[in-house]
Amino acid sequence: MKWSKYTIKTTTEAEDFVSSMLADLGVEGVEIEDNVPLSLEDKGEMFIDILPELPPDEGIGYVSFFLDSDDDNEELLAKVKEELENLRVFVEVGEGTITESETEDKDWINNWKQYFKSFAIEDIFIKPTWEEMPKDANYECTIEIDPGASFGTGKHETTQLCIRQLRKYMKDGDKVLDVGCGSGILSIVCLKLGAGHVVGTDIDPICMDSAKENMKVNHLEENLFDFYHGNLIDDKELQETVGTECYDIVVANILAEVIIPMAPVIPARLKKGGIFITSGIIDFKEQVVREAIEAQGLEILEINHQGEWVNITARKN
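Just so we're clear, the structure is a prediction, and the values are computed from it rather than from any experiment.

Colleague: Explain the overall build of the protein to me, and be specific about the residues and the numbers.
Modeller: Along the backbone of the protein there are 10 helices and 14 strands. Buried residues in the protein amount to 44% of all 317 residues. In the protein, of all internal contacts separated by at least 6 residues, the share reaching a separation of at least 24 is 68%. For the protein, the exposed surface amounts to about 16,400 Å²; the carbon and sulfur share of it is 48%.

Colleague: Can you lay out the sheet that holds strand E7 (residues 141-145) for me, pointing to particular residues and giving the numbers?
Modeller: Read across the sheet, 3 strands follow the order E5-E6-E7 without closing on themselves; strand pairing throughout is mixed. Every other strand in the sheet has two partners, leaving strand E5 (119-121) and E7 as the edge strands with one partner each. Ignoring which end each strand starts from, the neighbouring axes of this sheet average 25 degrees apart. With 5 bridges connecting them, strand E6 (residues 124-128) and E7 associate as parallel partners. Each residue of the ladder has a partner; that of Lys-127, found in E7, is Glu-144. Relative to the sheet, helix H6 (residues 185-192) contacts E6 and E7, its axis offset from that of E7 by approximately 155 degrees.

Colleague: Could you give an account of the sheet that holds strand E12 (residues 270-282), naming the residues involved and the relevant values?
Modeller: Taken in spatial order, the 7 strands of this open sheet run E10-E9-E8-E11-E12-E14-E13, and their pairing is mixed. Looking at which strands have only one partner, the edges of the open sheet turn out to be strand E10 (225-229) and strand E13 (299-306). Ignoring strand direction, the axes of neighbouring strands in this sheet form an average angle of 15 degrees. One ladder, built from 4 bridges, connects strand E8 (residues 175-179) with strand E11 (residues 247-253); its direction is parallel.

Colleague: Quick rundown of the side chain of Glu-286? Include the residues and the values.
Modeller: With respect to the element layout, Glu-286 can be found in helix H10 (residues 286-294). Looking at Glu-286, its side chain comes within polar contact range of the side chain of His-305, at 2.7 Å. Residues contacting Glu-286, with those up to four places away along its chain left out, are Ile-281, Ile-303, His-305, Val-310 and Ile-312.

Colleague: How would you summarise the nonpolar core if you had to cite specific residues and measurements?
Modeller: Counting 34 residues, the largest nonpolar core has Ile-124, Ile-126, Ile-143, Val-176 and Ile-249 as its most contacted members. With 6 residues, H6 is the single largest residue contributor to this core.

Colleague: Can you lay out the pairing of strand E14 (residues 309-315) for me, pointing to particular residues and giving the numbers?
Modeller: With 6 of 7 residues buried, E14 lies mostly within the body of the structure. Bridging between E12 and E14 involves 6 bridges; their strand directions are antiparallel. Residue Thr-278 lies in a different strand from E14, and its bridge partner there is Ile-312. Sheet analysis places E13 next to E14, joined by 7 bridges and oriented antiparallel. Paired with Asn-304 across the strands is Asn-311, a residue of E14. Hairpin connection from E13 to E14: 2 residues lie between these consecutive antiparallel strands, with Gly-307 at a positive phi of about 65 degrees.

Colleague: Break down the environment of Ser-183 for me, with residues and values.
Modeller: Looking at where Ser-183 falls in the secondary structure, it is placed in the loop between E8 and H6. Expressed as a C-alpha distance, the spacing of Ser-183 and Ile-206, which sit 23 residues apart in the sequence, is 9.0 Å.

Colleague: With reference to specific residues and values, describe a negative patch on the surface.
Modeller: A cluster of acidic residues, Asp-70, Asp-71, Asp-72, Glu-74, Glu-100 and Glu-102, forms a negative patch at the surface. Looking at where Glu-102 falls in the secondary structure, it is placed in strand E4 (residues 97-104).

Colleague: Summarise the side chain of Ser-279; cite the residues concerned and give the values.
Modeller: Position of Ser-279 among the secondary structure elements: in strand E12. Non-local contacts of Ser-279, meaning those with residues more than four positions away in its chain, are made with Thr-158, Leu-161, Cys-162, Ala-252, Asn-253, Ile-254, Leu-255, Ile-259, Val-310 and Asn-311.

Colleague: Can you tell me about the environment of Lys-127, naming the residues and giving the values?
Modeller: Tracing the chain through its elements places Lys-127 in strand E6. When the C-alpha positions of Lys-127 and Thr-142 are compared, they lie 7.6 Å apart, and in sequence the two are 15 residues distant. At a separation of 2.9 Å, a polar atom in the side chain of Lys-127 contacts the side chain of Glu-144.

Colleague: A description of the pattern of salt bridges should follow, citing residues and the corresponding values.
Modeller: When the charged atoms of two side chains with opposite charge come close together, those side chains can pair. With the rule as written, the count across this model stands at 15 salt bridges. We note a salt bridge from Glu-95 to Lys-9, for which the minimum N-O separation is 3.2 Å. With Glu-95 in the loop between helix H3 (74-87) and E4 and Lys-9 in strand E1 (residues 2-11), the pair connects residues that are 86 residues apart, well separated along the chain. Residues Glu-75 and Lys-79 are paired through a salt bridge, measuring 3.9 Å at the closest nitrogen-oxygen approach. Residue Glu-75 and its partner Lys-79 are both found in helix H3; the two are separated by 4 residues, about one turn of the helix. Given the relative accessible area of 57%, Glu-75 is considered exposed. With relative accessibility at 40%, the residue Lys-79 sits in the partly exposed group.

About the cut-offs
- Residues numbered from 1 in each chain as written.
- Predicted model: local features only at pLDDT ≥ 70, side-chain atom pairs only at ≥ 80, totals over all residues.
- Heavy atoms only, no water.
- Helix = DSSP H or I, 4+ residues; strand = E, 2+ residues; numbered from the N terminus.
- Buried < 20%, exposed > 50% of the residue type's maximum accessible area, 1.4 Å probe, protein only.
- Contact = heavy atoms within 4.5 Å.
- Areas by Shrake-Rupley, 256 points an atom, 1.4 Å probe, with all protein chains shown as cover.
- Pairing = 2+ DSSP bridges.
- Axes fitted to C-alpha atoms, helices over the stretch in contact; angles between N-to-C directions.
- Polar contact = N/O pair within 3.5 Å; in protein donor to acceptor, adjacent residues only side chain to side chain.
- Core = buried A, V, L, I, M, F, W, Y, C linked by side-chain atoms within 4.5 Å.
- Patch = residues over 30% accessible without salt bridge, like charges linked within 9 Å, V, L, I, M, F, W, Y side chains within 5 Å.
- Salt bridge = Lys/Arg side-chain N within 4 Å of Asp/Glu carboxyl O.
- Lys, Arg positive; Asp, Glu negative; His and termini not counted.
- Charge placed at Lys NZ, Arg CZ, Asp CG, Glu CD.

Following this line, the structure appears as structure tokens:
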């Protein structure tokens with residue numbers, strides 16, 4: 001199936017107006033391209049740790065939308081052009097020109113699967129659900145994962161750092177809180193290694209279904225885990241739901257700029273002697289994250305590196 005891509009050259013000021021106008025005309029979804037740097041608020045909401053290098057912002061934006069190439073789109077395009085001119089009364093539209101290009105209908109949801117292959121972290125074997133188990137495999141435990149639309153195959157350095165620390169510090173029967181659980185990969189690792197119960201939280205509601213489905217794929221009983229949608233940083237109800245001073249381990253594979261504001265709520269989740277394992281920290285932010293964790297009275301036990309990523313493991317004394 002072929003799609004026609006129509007790109008409107010406009011101003012960054014008019015991007016939202018153009019997007020709203022297209023939605024009113026029945027266009028489902030747009031793509032916006034510009035060189036406007038993300039604000040700190042935007043960066044926090046999008047959980048982006050390393051910002052891309054962009055050319056200077058010249059106030060130009062591109063709003064693209066896609067229509068079926070087999071349809072007669074002339075009438076709709078005429079309306080788009082008319083409405084663009086009408087918008088000039090309210091906002092600086094700029095050129096307002098429309099260019100057309102053709103793109104194939106690609107399976108964006110599944111194309112990434114070609115890059116996710118089976119691998120091992122010491123004696124833990126992690127494989128995608130669509131691959132067969134190697135005949136000569138001999139590992140302590142096997143984990144099957146289908147990340148779907150959520151983050152977490154286990155192959156990223158930050159996840160591997162967390163898994164190695166979980167192997168080192170987690171004991172049979174431990175209760176674990178997995179903050180930013182994503183696909184549930186770390187929760188599954190904990191249960192496979194003998195945790196008694198796991199609680200996971202994530203700000204993305206899609207992760208709830210993904211994590212639960214991956215639990216089923218790995219034949220883990222429902223009474224062994226609970227997953228909650230919400231932001232542990234400032235959601236008081238969620239904090240009460242997950243519990244106070246009841247976890248042997250809290251693991252958070254997120255990003256430095258999330259770990260820092262989250263640090264104040266971690267000690268209240270841990271038992272005395274409980275362990276906080278975190279990663280997702282780019283190396284040049286190691287010190288500021290360490291200071292945030294120590295400021296909450298936690299004792300740093302280890303700092304580990306893999307590539308440009310950092311793990312910090314701390315204890316509540």
